[in-house]
Amino acid sequence: MNLFGKAKSKTSAKDAIYKLRETLDMLEKRQAFLEAKANNELKTAKVNATKNRRVALLALKRKKAYETNIEKINGARMTIETQMMAIENANVNLETMGAMRAGAEAMKNIHGSMDINKVDTTMDDIRDQMDIANEISDAISRPVGMGEELDEDELLNELEELEQEELDAKMLDTPAPAVVTPDVPVHKPSKGSVSEDEEEKELKALQASMSMAM
């Protein structure tokens, strides 16, 4: 039991900043009021500077008191603004750390159910299953009866025989080309001309007669 009354709840950064802003607004209003009062006292001092020196001096004293309070308010405002900035930065840091801590916890929870050895084993299983799937796919896509090993030399010999048969068939179907004999004109001696044999005979007879005459 708390003998000193209800315990104070912790002030959040949001509440603290809200309270400081309220105080800052109040100080700004107070400063504006004092500045107006100081300006009025200055006017009074100017008016009575030559007419009533006593009134003028009192007015300047009050003006000085107002200015002193204004300087104090300026100092308080500066302190509050600095404090607000520090709280805002601290709050940003707190939120950042909270988010980072939550991320770290999430990663820890995720990795807590994982083990590097289990991961390696799982990846090996996946690779094995992928290899089996590829082998099954190849087996299914292979035509039936086409998986036997064939002798390429035997196939090439059979192909050459087929080609030779095709050439032989073409040669039998193609008729032999006809021999074209050029038309050579046959020389027939005319009735008034002497053939070469007859000329030779006459030449020989002439030579014989000449040899006898000698």
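Bear in mind the structure is a predicted one, so any value in this text is a computation, not a measurement.

Q: Describe in detail the nonpolar core, supporting the description with residues and values.
A: If you look at the biggest cluster of nonpolar residues, it comprises 13 residues, and the most contacted ones within it are Leu20, Leu34, Ile80, Met84 and Ile87. Those elements giving two or more residues to this core turn out to be helix H1 (13-47) and helix H2 (53-112). With 7 residues, the single largest contributor to this core is H1.

Q: Hey, could you go over the side chain of Arg77 for me, with residue numbers and the actual values?
A: Summarising the element assignment, Arg77 is placed in helix H2. Here Gln31 takes part through its side chain, which lies 2.7 Å from a polar atom of the side chain of Arg77. Dropping the residues within four chain positions of it, Arg77 is found in contact with Leu24, Leu27, Glu28 and Gln31.

Q: I'd like a description of the UniProt feature "coiled-coil region" (unreviewed entry) in the protein, backed by residues and values.
A: As recorded in UniProt, the feature "coiled-coil region" (unreviewed entry) lies at residues 17-44 and 145-172. Annotated as residues 17-44, this span is 100% helix and 0% strand, and its ends, taken at the C-alpha atoms, are 41 Å apart.

Q: Can you tell me about the side chain of Gln31, naming the residues and giving the values?
A: Within the secondary structure, Gln31 sits in helix H1. Accessibility expressed as a relative area gives 8% for Gln31, which makes it buried. One polar contact links Gln31 to Asn74, side chain to side chain, over a distance of 2.8 Å. Excluding residues within four positions of it along the chain, Gln31 makes contact with Ile70, Ile73, Asn74 and Arg77.

Q: A description of H1 should follow, citing residues and the corresponding values.
A: The end-to-end C-alpha distance of H1, which contains 35 residues, comes to 51 Å, matching closely the 51 Å that a straight helix rising 1.5 Å per residue would cover. When H1 is considered as a whole, its buried residues turn out to be Ala16, Ile17, Leu20, Leu24, Leu27, Gln31, Leu34, Ala38, Glu41 and Ala45. In this structure, the buried residues of H1 make contact with H2.

What counts, and at which threshold
Note on numbering: residues in each chain are counted from 1, in written sequence order. In view of the model being predicted, local features appear only for residues whose pLDDT reaches at least 70, and side-chain atom pairs are presented and counted only at 80 or more, with totals across whole chains, interfaces and linings using the full set of residues. Side-chain descriptors were evaluated using all non-hydrogen atoms of the structure, hydrogens and water having been removed beforehand. Each nonpolar core is a collection of buried residues, namely Ala, Val, Leu, Ile, Met, Phe, Trp, Tyr and Cys, held together in the definition by side-chain atoms within 4.5 Å. Each residue is placed in one exposure class: buried if its accessible area under a 1.4 Å probe, protein chains only, is under 20% of its type's maximum, exposed if it is over 50%, and partly exposed if it falls in between. The numbering of helices and of strands both runs from the N terminus, where a helix is a DSSP run of H or I of at least 4 residues and a strand a run of E of at least 2. Pairs of N or O atoms within 3.5 Å make up the polar contacts considered here, provided that, within protein, one atom can donate a hydrogen while the other can accept it, and that residues adjacent in sequence are counted only when both atoms are side-chain atoms. Contact between two residues is taken to exist if any of their heavy atoms lie within 4.5 Å; hydrogens are not considered. UniProt positions are given in the numbering used here, feature names are shortened, and annotations may be inferred rather than shown by experiment. By definition here, a helix of n residues has an expected span of 1.5 Å times n minus one.

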